[in-house]
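Observations on the model geometry
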Amino acid sequence: MATEKMELVNINGRLPQLDEAIEALLLSKSFHIEEGFSHSSGGYKPLNEKNPYSPILKKFTSLCTGLDCEHESGDKERCKLTTAEEFEELYKKIYEHYHKLDTRRSELEGHIAERSEASVQTAHLKGMEEDLSRLFNLEYISIRFGRLPSDNTKKLSYFERNFFFFEFDQDLTYTYGMYVCPKAEKEEIDEIFKTLFFERTMIPDFVKGSAAEAHSELQKQIEQGKKDLELTEEEIRQLSEEYKHELADACEKLRYLKGAFTLRRKAGVLKDKFLIKGFIPAKDKAQLQQAFECCGDVELTFLPPDSDSGCRPPTILKNGFLTRPFRMLVGMYGLPTYGGFDPTAFVAVTYSLLFGIMFGDLGQGFLIALLSIPVGKKLSKDMGGIMLRCGICSMIFGTLYGSVFGLEELLDPVYEEAGIDFLPLKAFESTNFILFTAVGIGIFLIVVSMLINIFTSFARKDIESAVFGCNGICGLVFYGSIVFGVVATMMLDMEVMSGAFVLFLIVIPFLCIFCRVPFAMFVKYRQWKLSEHDDKMTVGGFIVENFFEMFEFVLSYISNTMSFLRVGGFVMSHAGMMLVVMTLMEGMSKVGQPIVFVIGNLFVMAMEGMIVAIQIIRLEFYEIFSRFYLSGGKEYVPITSELLKDDI
């Protein structure tokens, strides 16, 4: 239950060797680099340089998008280019060709769009035989093409002005046509048609001839434009096919070079020397040294992880095969600090057992274990691992309960034949036993949590928490004595609550918790102080403050213990829900019974399984972790070329 042992590494060398050192760190795949030089530190200053690979990478990315090959996977090892200038030359060579084709494509698209729009407009003018270009060049007459709502055509007769409206086409809403008026009066007549919601259609200059001729000519131009566009796009596709692998390799190499250059900013520079700080697992020390063998006189200095107060060691949880998936749950609460207590194994055991107890069913547990395989492969390996372990525990407790897909009597003959008369454990026939057992499990887990807190508090020399805290020795004696006294008196008819028992095992521990701060201060500093941080703390203030805290402590003992009643509650809840499924099935026909059986089991498995999983997380975090666990650790993130690629 400890974290991986780390070593602090200082890497010193001359500035020209910095890129080689970064390359070696990437090769080692286990170096956690520190942000130790964001400002001037010990004479070393951060290396602020403009990344030369950023602009050219943007250009390559844009070019790949234009050539529709941005999803092509590349291999940086195939690309032999190294400098930004070399990449720029390659970019220019491909881009010049692409730019010509892309410009031509844009022109053709615009050409087709213009003529398509004009074609739509002329389609409504097919009744007009006059040459359009001639009509637009009349000396004394103005002509306006467009449409107006059909209901408004009758209103034209209201205006006694010098104009004529000619209809060409009509649909459900609009009437298409043109109006003719003297040029001297066109402003007034335009205003009249605006009031009638006339929408003018602008006929482009390239439209010639009558409406029918213009429409036909436009269609020919559109068809020719589409053919030219297809040819151009085919040339772009050929260009993409020719260069897509080279572009993909170049992009991959550029991402790597850009990320590697970014790491230069994490180095501190003093004159012509550089310094990089970071951590590495102690077991990978030889691997790092081997990676630096080709870096000349670059010096590696290995130090204890706590030797630099400016660098906080990262945390790696050490877990075996059985407990490793539960790191995900611990990470949700927060990583432990380096050298702190790793509760993953404790969580693995308690979570799996609680799930099995609360969701005991041999058949459904088997399905959960089976479902863990695709979940682990497709979604999350840790999630699949947790489901597998929980499914197996569910099968074990389902066997004890005698429940197979909700069929509570299926295993009875097996136990009868084996002569085991106290199994299976029927939920509705053993209600009190299940509830008392659930509370007993809660008391056991709380006591274990307190023991862990005492152990870890002594390890970090926190006397207040280890001895006088509500989860320390005094809290353990206080809580254990009350639980023992209540159980012995109410369930075992034992008279244990004598005066001495109450005085030494309840009252004195209670007072020790109440005065935990001054007692801890005396042990630590050999002086009496009511508060470690407030020198002006008065006796009255101390009593009031600790009175409410003690009230909260006592309430937490009670509420935390009672919270485990839900463990027993879910045992009966599962049996109750499956009883409902069986009752519904009995009311169905022989054809419908299998359907209800399958759907009912799937529904209970999905809904109750999810609720139980969440409830156990709550028990772990609030009733158990809160007693001993201190998070605040830093995640260990080794630099690798893959990680650099993801950062970009």
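In the block above lies the structure referred to throughout.
Residues numbered from 1 in each chain as written. Predicted model: local features only at pLDDT ≥ 70, side-chain atom pairs only at ≥ 80, totals over all residues. Heavy atoms only, no water.

1. Section: the sheet that holds strand S4 (residues 141–149)
Put simply, the rule is: Note on pairing: DSSP must find at least two bridges between two strands before they are called paired. A run of H or I in DSSP counts as a helix once it spans at least four residues, and a run of E counts as a strand once it spans at least two, with each numbered from the N terminus. The contact criterion used is simple: two residues touch if any of their non-hydrogen atoms lie within 4.5 Å. Here an axis means a line fitted to C-alpha atoms, over the contact stretch when the element is a helix, while the angle between two N-to-C directions is reported on a 0 to 180 degree scale.
Taken in spatial order, the 4 strands line up as S5-S6-S4-S7 in an open sheet, and their pairing is antiparallel. Strands at the two margins of the open sheet, each flanked by one partner only, are strand S5 (164–170) and strand S7 (199–200). As paired strands, S4 and strand S6 (residues 174–182) are joined by 9 bridges and run antiparallel to one another. Across the sheet, isoleucine 143 pairs through a bridge with valine 180, a residue of S6. Sheet strands touched by helix H5 (residues 186–195): S4, S5 and S6. Its angle to S6, the strand with the most contacts, is close to 160°.

2. Side note on the environment of glycine 110
The condition that has to hold: Exposure classes here rest on a 1.4 Å probe applied to the protein chains alone. A residue is buried below 20% of its type maximum, exposed above 50%, and partly exposed in between.
For glycine 110, the location among the structural elements is in helix H3 (residues 84–123). Take glycine 110: its relative accessible area is 29%, and that puts it in the partly exposed class. Each C-alpha atom of the pair glycine 110 and glutamate 241 lies 26 Å from the other, and the pair is 131 residues apart in sequence.

3. Looking at the pairing of S5
Here 6 bridges tie S5 to S6, and the two strands are oriented antiparallel to one another. Considered in S6, the bridge of glutamine 170 is made with threonine 175. Here S5 hands over to S6 after 3 residues, the two strands then running antiparallel side by side.

4. Re helix H9 (residues 344–358)
Our working rule: Take the residue count of a helix, subtract one, and multiply by 1.5 Å to get its expected span.
A rise of 1.5 Å per residue sets the reference length of H9, with its 15 residues, at 21 Å; its end C-alpha atoms lie 21 Å apart and thus fit the reference within 8%. H9 sits mainly inside the fold: 12 of its 15 residues count as buried. Residues Thr344, Phe346, Val347, Ala348, Thr350, Tyr351, Ser352, Leu354, Phe355, Gly356, Ile357 and Met358 constitute the buried set of H9. The secondary structure elements touched by the buried residues of H9 are helix H8 (327–333), helix H10 (362–378), helix H11 (381–401), helix H13 (431–459), helix H19 (565–586) and helix H20 (592–628).

5. Some remarks on the nonpolar core
As a rule of thumb, nonpolar side chains are buried together in soluble globular proteins. Which entries qualify depends on this criterion: Residues grouped as a nonpolar core are buried Ala, Val, Leu, Ile, Met, Phe, Trp, Tyr and Cys residues, joined through side-chain atoms within 4.5 Å.
Ranked by size, the top nonpolar core spans 68 residues in total, and within it Tyr351, Ile513, Val567 and Phe628 carry the most contacts. Setting aside residues up to four positions removed in sequence, isoleucine 513 forms contacts with Phe468, Gly469, Cys470, Cys474, Gly475, Phe478, Met550, Phe553 and Tyr557. Core analysis: the second largest hydrophobic core is formed by 51 residues, Ile11, Leu26, Phe261 and Leu288 among them.

6. Here's the deal with the state of the cysteines
Counted only if it meets this: The term disulfide is used for any two cysteine sulfur atoms that are within 2.5 Å.
A complete count under the given rule lists 0 disulfides for this structure. Free cysteine: cysteine 64, not disulfide-bonded; nearest cysteine sulfur from cysteine 251 at 3.7 Å. Cysteine 515 forms no disulfide, and the closest cysteine sulfur to it belongs to cysteine 512, at a distance of 7.6 Å.

7. Here's the deal with the packing of helix H16 (residues 499–514) against helix H18 (residues 539–563)
What counts, and what does not: Each angle is binned into one of four classes, with values under 35 degrees roughly parallel, values over 145 roughly antiparallel, values of 65 to 115 roughly perpendicular, and all other values oblique. When the near helix sits turned anticlockwise from the far one by under a right angle, the crossing is termed left-handed; a clockwise turn instead gives a right-handed crossing.
At a minimum axis separation of 9 Å, H16 and H18 run at an interaxial angle of 125°. Here H16 is positioned oblique relative to H18, judged by the angle of their axes. Judged by the sense of rotation from one axis to the other, the crossing of H16 with H18 is right-handed. Residues Phe510, Ile513 and Phe514 of H16 touch H18, and the partners they reach there are Phe542, Ile543, Asn546, Phe547, Met550, Phe553, Val554 and Tyr557.

The analysis is restricted to geometry; functional conclusions fall outside its scope.
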